[in-house]
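# Reading the structure
Here's the letter readout for the chains.
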Amino acid sequence: MGKVVVFGTGVVAYGIIEESAKSGHRVIHVSTKPDDTAARSRYINEKHLVQFDAENDADLVDFFVARSDDWDGALLMPVNDEYVVFISQHLPVLSAHYCCTVQPWDIHHEIINKNRLYQHCYDHDVPAPQIYEVSSVDDIASVGDEINYPCLLKPHQTPEFFSVF
């Protein structure tokens, strides 16, 4: 039986936990939120609540390295953007102990920011959503006639958006 370390919160983590368990894997859930819905899953074999501070994440690296004796070779599956960024930025250390599912930071850096990702698509004639960068109500008014509906309002970097709102 393989091990899957699901690092993340919410309904997406819940789905990955359930599917991993149904596939015969031992599921370890690492969450940063005490009220995390995913932590209620009956499919979790082991739970850990950790602190996460993107500006000071050395303790979290130490947490994963310290558990690598028990979890060595496990699939490390970050679910939310900020955890994907964390794993990507610490890939050299973490990949020595885990099977990681993210790209190195020099690649992932270009993917996580939707503005850069879509620009790469445009540059290579790959279809991608039309984006408008807006920072104020006046910016929205200036592009209002160009926007096709229905449209989706989405931050270009979700972790930074959530840290403010």
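Further up the page is the structure itself.
In what follows, the accompanying structure is described. (Residues numbered from 1 in each chain as written. Predicted model: local features only at pLDDT ≥ 70, side-chain atom pairs only at ≥ 80, totals over all residues. Heavy atoms only, no water.)

## Details of the packing of helix α4 (residues 81-89) against helix α6 (residues 105-112)
Short version of the rule: With axes taken as lines fitted to C-alpha atoms, and helix axes fitted only over the stretch in contact, angles between N-to-C directions fall between 0 and 180 degrees. A run of H or I in DSSP becomes a helix once it reaches four residues, and a run of E becomes a strand once it reaches two; helices and strands are each numbered from the N terminus. Working definition: roughly parallel below 35 degrees, roughly antiparallel above 145 degrees, roughly perpendicular at 65 to 115 degrees, and oblique for all remaining angles. A crossing counts as left-handed when the near helix is turned anticlockwise from the far one by less than a right angle, and as right-handed when that turn is clockwise. Only heavy atoms matter for contacts: two residues are in contact if any of them lie within 4.5 Å across the pair. Classes in brief: Ala, Val, Leu, Ile, Met, Phe, Trp, Tyr, Cys and Pro nonpolar; Asp, Glu, Lys and Arg charged; the others, Gly included, polar.
Taken N-terminus to C-terminus, the directions of α4 and α6 make an angle of 160°; their axes are 9 Å apart at the nearest point. In terms of orientation, α4 lies roughly antiparallel with respect to α6. For the pair α4 and α6, the crossing hand works out as left-handed. Only W105, H108 and I112 of α6 make contact with α4, whose side of the interface consists of D81, V84, V85, S88 and Q89. The class makeup of the residues in the contact of α4 with α6 is four nonpolar, three polar and one charged.

## Regarding the sheet that holds strand β2 (residues 26-31)
Stated precisely, the cut-off is as follows: Pairing between two strands is assigned when DSSP locates at least 2 bridges connecting them.
Sheet architecture is open: five strands sit in the order β3-β2-β1-β4-β5, paired in parallel fashion. Among the strands making up the open sheet, the edge pair consists of β3 (46-49) and β5 (99-100). Strand direction decides the pairing type here: β2 and β3, joined by four bridges, are parallel. Across the sheet, residue V30 finds its bridge partner in β3, namely H48. Where helix α1 (residues 10-22) meets the sheet, its contacts fall on β1 (3-7), β2 and β4 (75-78), and the angle it forms with β2 comes to roughly 165°. Here α4 sits on the sheet in contact with β1, β4 and β5, set at roughly 135° to β4.

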